[in-house]
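# Understanding the architecture of this molecule
Here is how the chains run, residue by residue.
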Amino acid sequence: MTDPRRRALPLRAELRRQLTRRRTRVTAALLAALPLLLVGAFALGDDDPGAAPTFVDLAQVGAANLTVFTLYASAGFLLPVVVALVAGDAVPSEASWGTLRYLLTAPVPRGRLLRAKLFVAAASSLVVLVGLAAWTLLVGLVAYGGAGYRDPTGARLDWSAFAPRLLVSVLVLWVLLGFVAGLSFLVGVVTDAPLGAVGSAVLATVLSSILDSISALGSLRQALPTHYLFAWGQLLRPDPDVEEVLTGCLWSLLYATVLLTAAFWHFGRKDVLS
Amino acid sequence: MRAARAFAAWVAAGLVAGALVVPAGSARADDPGSVHEQDLQVLVGPEVDGTTVSLDTSVFAPADDAGRHAAIVLAHGFGGSKDDLTDQARELAGDGYVVLTYTARGFGDSGGLIHLDSPDYEVADASRMIDLLAQRDDVEMDAPGDPVVGIAGASYGGALALLTAGLDDRVDAIVPAITWNDLGQALFPDGVFKQWWASLFTQGALAAAARDGGSSKQERSPDGLEDLLCGRFAPDVCRLFQRATRTGRADAAARRYLRASSPASVVDDITAPTLLVQGEQDSLFGLDQADRTARALADAGVPVAVRWIDGGHDGGAGLTGQSAGTGAEDWFDHYLRGGPDPGTAFRLALPAPALGATDPDEVQAPDYFERDLTGLRLGGRDQPVLAPAGGEPAAITSIPGTGPLLGQAVTASGQGLALAALPGQSATFDSEPVRSPMTVAGAPTVQLSITSSTTDAVLFASAWIVDADGRASLPRQLVAPMRLSGIVPGAAQRVEVTLPASAYRLEPGQRMRVVVSATDLGFAVPDDARVYRVGLADSTLTLPTVRTVPVGGGPSVPVPLLVALGLAVLLALVAGLVGRRRARSGTVPVGNAAVLEVDGLVKEYRNGFRAVDGVSWRAERGQVLGLLGPNGAGKTTTMRMLVGLIRSDSGEVRVLGQRVTPGAPVLREVGCLIEGPGHLPHLTGRANLAAYWAATGRPVAEAGLEEALQIADLGAAADRPVRSYSHGMRQRLGIAQAMLGLPELLLLDEPTNGLDPTQIRGLRSVLQRYADAGRTVVVSSHLLGEVEQTCTHVVVMHRGRVVLTGAVDELVAGDGEARRHLEEIFMGLVGDDPTAQVTR
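Residues numbered from 1 in each chain as written. Chains lettered and ligands numbered in written order. Predicted model: local features only at pLDDT ≥ 70, side-chain atom pairs only at ≥ 80, totals over all residues. Heavy atoms only, no water.

Within an unreviewed UniProt entry, the label attached to chain B reads Alpha/beta fold hydrolase, and the organism entered is Nocardioides acrostichi. Database annotation for chain B, UniProt heading Sequence similarities (unreviewed entry): "Belongs to the ABC transporter superfamily." (UniProt positions renumbered as here; feature names shortened; annotations may be inferred.)

You'll find chain A entered in an unreviewed UniProt entry as ABC transporter permease, with Nocardioides acrostichi given as the organism.

Another point: the pattern of salt bridges. Residue and element names in this part refer to chain B. Enumeration according to the criterion identifies 45 salt bridges over all chains in this entry. One salt bridge connects D138 with R136, and the closest N-O pair in it is separated by 3.0 Å. Here D138 falls in the buried class, since its relative accessible area comes to 13%. For the salt bridge of R698 with E702, the shortest nitrogen-to-oxygen distance reads 3.4 Å. In this structure R698 comes out as buried when scored by relative accessible area, which is 11%. One salt-bridge network, in which partners are shared between bridges, spans E597, D599, R618, E620, E652, R654 and R659. (Salt bridge = Lys/Arg side-chain N within 4 Å of Asp/Glu carboxyl O. Buried < 20%, exposed > 50% of the residue type's maximum accessible area, 1.4 Å probe, protein only.)

This part is about a nonpolar patch on the surface. A cluster of nonpolar residues, W265 of chain A together with V559, V563, L567, V569, L570, L573, V574 and V578 of chain B, forms a patch on the protein surface that exposes about 830 Å² of accessible area. Tallying contributions element by element places helix α15 (residues 559–585) of chain B first for the nonpolar patch, with 8 residues. Along the chain, L573 of chain B falls in helix α15. By relative accessible area, L573 of chain B is classed as exposed at 54%. (Patch = residues over 30% accessible without salt bridge, like charges linked within 9 Å, V, L, I, M, F, W, Y side chains within 5 Å. Areas by Shrake-Rupley, 256 points an atom, 1.4 Å probe, with all protein chains shown as cover. Helix = DSSP H or I, 4+ residues; strand = E, 2+ residues; numbered from the N terminus.)

Okay, the UniProt feature "transmembrane region" (unreviewed entry) in chain A next. Residue and element names in this part refer to chain A. According to UniProt, the "transmembrane region" (unreviewed entry) feature falls on residues 69–91, 118–146, 166–190, 197–220 and 245–267. Annotated as 93% helix and 0% strand, the span residues 118–146 places its first and last C-alpha atoms 37 Å apart. Each end of residues 245–267 is marked by a C-alpha atom, and these two atoms are 32 Å apart; helix forms 100% of the span and strand 0%.

The subject of this paragraph is the environment of L783 of chain B. Residues and elements named next belong to chain B. Along the chain, L783 falls in the loop between β33 (776–781) and α21 (784–790). Residue classification places L783 among the partly exposed residues on the basis of a relative accessible area of 25%. In the structure, L783 is positioned 40 residues away from E823 in sequence and 9.6 Å away in space, judged by C-alpha atoms.

Glancing now at the pairing of strand β34 (residues 793–798) of chain B. All names here are of chain B. For β34, the buried fraction is high: 5 of the 6 residues fall into the buried class. Bridge count between strand β28 (residues 624–628) and β34: 4 bridges; the pairing is parallel. Bridging across to β34, G626 finds its partner in V794. The hairpin turn running from β34 into strand β35 (residues 801–807), its antiparallel successor, is 2 residues long, and R799 in that turn takes a positive phi close to 50 degrees. (Pairing = 2+ DSSP bridges.)

It is worth spelling out the packing of helix α5 (residues 63–75) of chain A against helix α10 (residues 159–176) of chain A at this point. Residues and elements named next belong to chain A. Across the interface, α5 lies against α10 with an axial gap of 11 Å and an inter-helix angle of 15 degrees. For the element pair α5 / α10, the angle class is roughly parallel. Note that α5 runs across α10; the crossing there is left-handed. Where α5 abuts α10, its residues A63, A64, T67, V68, L71 and A75 lie against W159, F162, L166, V170 and L173. Residue classes in the contact of α5 with α10 are distributed as 10 nonpolar, 1 polar and no charged. (Axes fitted to C-alpha atoms, helices over the stretch in contact; angles between N-to-C directions. Parallel < 35°, antiparallel > 145°, perpendicular 65-115°, else oblique. Left-handed = near helix turned anticlockwise from the far one by under 90°. Contact = heavy atoms within 4.5 Å. Nonpolar A, V, L, I, M, F, W, Y, C, P; charged D, E, K, R; others polar.)

Often, the extent of an interface is quoted as the loss of accessible area on bringing the components together. Across the boundary between the two partners, chain A contributes 66 residues, which contact 72 residues of chain B. Together chain A and chain B conceal approximately 5600 Å² of surface at their shared face, both sides included; 60% is due to carbon and sulfur atoms. Interface area lost by chain A to chain B is led by Y102, T105 and L250 of chain A, which between them contribute 12%. Inspection of the region where chain A meets chain B yields 1 salt bridge. Put simply, D271 of chain A and K603 of chain B hold a salt bridge, and the shortest N to O gap is 2.6 Å. Across the chain A-chain B interface, the total number found is 16 residue pairs in polar contact (both at pLDDT 80 or more). Counting only elements with at least two residues in the side of chain A that touches chain B, the list comes to α1 (4–7), α2 (11–19), α5, α7 (90–97), α8 (100–104), α9 (110–144), β1 (149–150) and α13 (242–269) of chain A. Take the side of chain A that touches chain B: its biggest share by element is 14 residues, from α13 of chain A. (Buried area = accessible area lost by both parts, 1.4 Å probe. Polar contact = N/O pair within 3.5 Å; in protein donor to acceptor, adjacent residues only side chain to side chain.)

Since there are 3.6 residues in each turn of an α-helix, residues three or four apart along the chain are aligned in direction. Residue and element names in this part refer to chain B. Over its 13 residues, helix α11 (residues 287–299) runs 18 Å from end to end, which matches the ideal 18 Å to within 8%, given 1.5 Å per residue. The set of residues buried in α11 consists of L287, Q289, A290, T293, A294, A296 and L297. Residues of α11 that are buried make contact with α5 (156–167), α6 (183–187), β9 (274–279), β10 (304–309) and β22 (502–506). One or two steps after α11, the chain reaches G301, where phi turns positive at roughly 80 degrees. (Expected span 1.5 Å × (residues − 1).)

Residue and element names in this part refer to chain A. One can describe the packing of helix α11 (residues 178–191) onto α13 by two numbers: an axis separation of 8 Å at closest approach and a directional angle of 15 degrees. Our classification of the angle between α11 and α13 gives roughly parallel. α13 is crossed by α11, and the crossing has left-handed handedness. Contacts between α11 and α13 involve G178, F179, G182, L183, F185, L186, V189 and V190 from the first element and S252, Y255, A256, L259, L260, A262, A263, H266 and F267 from the second. Taken together, the residues of the contact of α11 with α13 break down into 13 nonpolar, 4 polar and no charged.

Attention now moves to the sheet that holds strand β27 (residues 610–619) of chain B. Residues and elements named next belong to chain B. The 4 strands are arranged β27-β26-β29-β30 in an open sheet whose pairing can be described as antiparallel. With partners counted over all chains shown, the strands left at the sheet margins are β27 and β30 (658–659), one partner each. Where strand β29 (residues 650–655) and β30 come together, 2 bridges link them in antiparallel fashion. Across the sheet, the residue bridging to V655 is Q658, located in β30.

In this section: the nonpolar core. Formed by 148 residues in total, the largest nonpolar core has its most connected members in L113 of chain A together with L596, W617, L714 and L747 of chain B. Looking at this core, the element that brings in the most residues is α9 of chain A, giving 8 residues. Not counting residues within four places of it along the chain, the set of residues in contact with L747 of chain B comprises M639, L642, V643, V670, G671, C672, L673 and V778 of chain B. One finds V53, L55, I270 and V302 of chain B within the second-largest nonpolar core, a separate group that totals 51 residues. (Core = buried A, V, L, I, M, F, W, Y, C linked by side-chain atoms within 4.5 Å.)

Quick look at the side chain of H682 of chain B now. Assignment of secondary structure puts H682 of chain B in the loop between β31 (670–673) and α17 (685–696). A polar contact of 3.3 Å, which involves the side chain of H682 of chain B, links it to the side chain of T20 of chain A. Residues in contact with H682 of chain B, not counting those within four places in the same chain, are R17, T20, R21 and W97 of chain A together with P721 and R723 of chain B.

On to the side chain of T70 of chain A. Within the secondary structure, T70 of chain A is located in helix α5. Residues in contact with T70 of chain A, not counting those within four places in the same chain, are L34, L38 and T136 of chain A.

Attention now goes to the environment of L543 of chain B. All names here are of chain B. As for its placement among the helices and strands, L543 is situated in strand β24 (residues 530–546). Among the residues examined, L543 registers a relative accessible area of 0% and is labelled buried. Through-space distance from the C-alpha of L543 to that of V440 is 6.5 Å; in sequence the pair is 103 residues apart. In this view, L543 contacts D372, L373, T374, L376, M438, V440, P444, L506 and M512; residues no more than four positions away in its chain are not counted.

Rendered as structure tokens:
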């Protein structure tokens, strides 16, 4: 007989628990609407013929540019919120429904419960990011056509160079959001409050961004969890600064490891009172 | 009054913004307490009229008395004072240098007049300061009277550093920043007067004079108006500027004077290793000025390194000296104290890319003096260029001294070219598109053919970047003037034109556009109207390019971060292993006894409340055991400990002989309902049971879903979402969920909550049948009658302790007397305790 502890809360079961939620569907619908909203907003705006090309103008060059713009516009706030929701709400939502105690006595070992939830949250975040990029490419293709990527300096990347870079950028962005996921997961596990989990991660993101804009902090800012949140953009430049990407990813992994270790440590020992 | 002074200070500071910066390394350990500061007045050479002059001086020395230290003289910019340098001086002193700062003559609280870094005055003053250092007993000496000393300064102070190094061979290293090589050439490039900057220059000194007027020790000449016009300029310098401003030309006397104040005149005598820091955002002292100095020094074999920073007299980042990373400290550390060799790599800043980063790219090339020449094919017909009478309207490329914002705004508006290439007054030539990316660093050159309607020509050339959409931008808003004289009207003249030196990246698809204009706002032009014809003498635009690597030499893995991450992962693994050991210890079977054994359980909450205090009891097969007690007796806390939700402080729980720990495998033999049911509100009752069973990871066949649904008695509601259920329906679903898989032990906490009498009766028979099949049921309740009717055995708890255990039949039978109710027994045990609220 296999150890039931290994088989408890199979990933498929956890995935079904999350996917059937209305929250998941609303979030997915909102994200799917984002590129459509952008295209609509661009269509409404007046074109100032004399003005220099802004990033917004560039977004309408083609599918590639619209995708990069969408990622860029959402990386600062929207995506952190979505990731915080996916990662932070996984445990406290069970607590608030009263199902956490029944999962634990099913029995699902506590470590196994967190691993399953974390894995599904991470995988869903990745699907969200890749899906957003792919869907925006499709929307852009219909709205603006398939011109190659053009960056604000005027450099161009054709599709064969752009497509793999975009994929890697999205993966890097996923890693860079590790801090947000780690923090919201930890707070969720500690407080059992879905709002606290998502709210604290968003608050930390905003606070860190504000501190990051204070140049007097100097190189201390590099340690801020959002300092490298846009480092993925490097990979879309003709001459990417790989070190910045690496540094950003390492910081994010470091934060995530520490926060998640704390989450597992705490959850393994806490009295479940929900 | 205060406001006016502040404004004057602001103007002066803005004018020589670059001068406020003296190259500084990033912050090092400096404890202000460890620096000894001393202010003094130093008597220097008198003015030409014999007036004595003393300079306002400060010395910052390390407070330790660990012998002698290398010395550094910091020189301020035009219009500034030694106060601009205090922070940097403290920092350097904290780093172990004796630092001397002083206010140059003609400025601030120092006496005397401005002679524009004249060898006879300002440079002699600097030598006097070196004498002063030589007399100190805390300064390292090369020889008696010859201290180990370096000089750093920006703009006015930078030229002073170069001139002093040329005229005083005691100087051991210098770091001149954003300064001139030849002042005449800088103010009259190719003979065209840089009028706007020159006016700002003199006005700045006047503003400074107005500000300092009250405190100046200098006696003023009786000629009040002259005094007002010249401020603290020496009369000869003042007259020189007035003549030049009037005529737009430098006469022989002016050229001679400016030449003497130029490092170019002494560069052959400089032996001190020199770090030249020049600003890319500088239309006053451009990159070409530092280039001349650098080449002369390199030809003479003097160690020289060049850094181009993202700043300059037109402002921009890097002016604060913090982000520029000019490397001055490393330079001095090596050449004054034998520290590590900083090398002579060529560092430059490229404009920030728009996406992702706001800081300019710091890159470096191995050797400043090695550039590749890349040719781009240019095209364009010969074009007539009209020079309007009076020079108005003038093309606008930049407004000197207003900082970088205006230029950025113009560039961002996309109207830059429209302002800079006025119709009819300019000729434009476009290149082929760039094919592969390149980094341009230096001055592009182009061969033009110029015909004039008169005997001379004044033109302004600039090199624009045009992107694929046809939008043009001018790197750093720089323009190069040229003057041709003594030419034959109507005859074409072939000229090699050097475009402004700058640094930028060219991407594939971009073009270069050469614009030749007859006017520029920043320069004086001839008053008469004339027409030029401008064409290409050669169709090649030659670009100096460098192969760059990011500063630090290519992408490297940030090792400290990697180590930190490794440690964090190790910590996580250790934490995981510790957790696993604890969990495994729970799986060891202890004895072989009852279905449920509770042994000495204690739980004290963090606030000190002892909810459960040494509880022991057991439940055997076939029993329906009632855990009875008033609210707050510790029933629910006990139930949570039974299934490992709460950690007990001492004691243990065994199910089928195995100790219960969080997530212990034996819990699969326990079904429970604790403190109300919990379901996924968005799923139906049926789907909830399925989802719960899926979480156990056991085969669906073992679940007995349909039987459980019958017990729940939901009817058609089983296929509606749980969020629409009544309290009773949820309760029944919760009980059914606990019975999934028919566990050996069923734990139900207040199971009759929300049920109507019929349902309670039904539940009673379900539980009895469950126990009759050889399983065990534990029911907690505060309803005494309920327990009496349902249970075979009872455990009574009060205030966290067990006060009674036994079979219900035996208890109610009494001691051979008439049958008693549990209530009586209970009240007898609890007495008049007001907290014991038990309902029948």
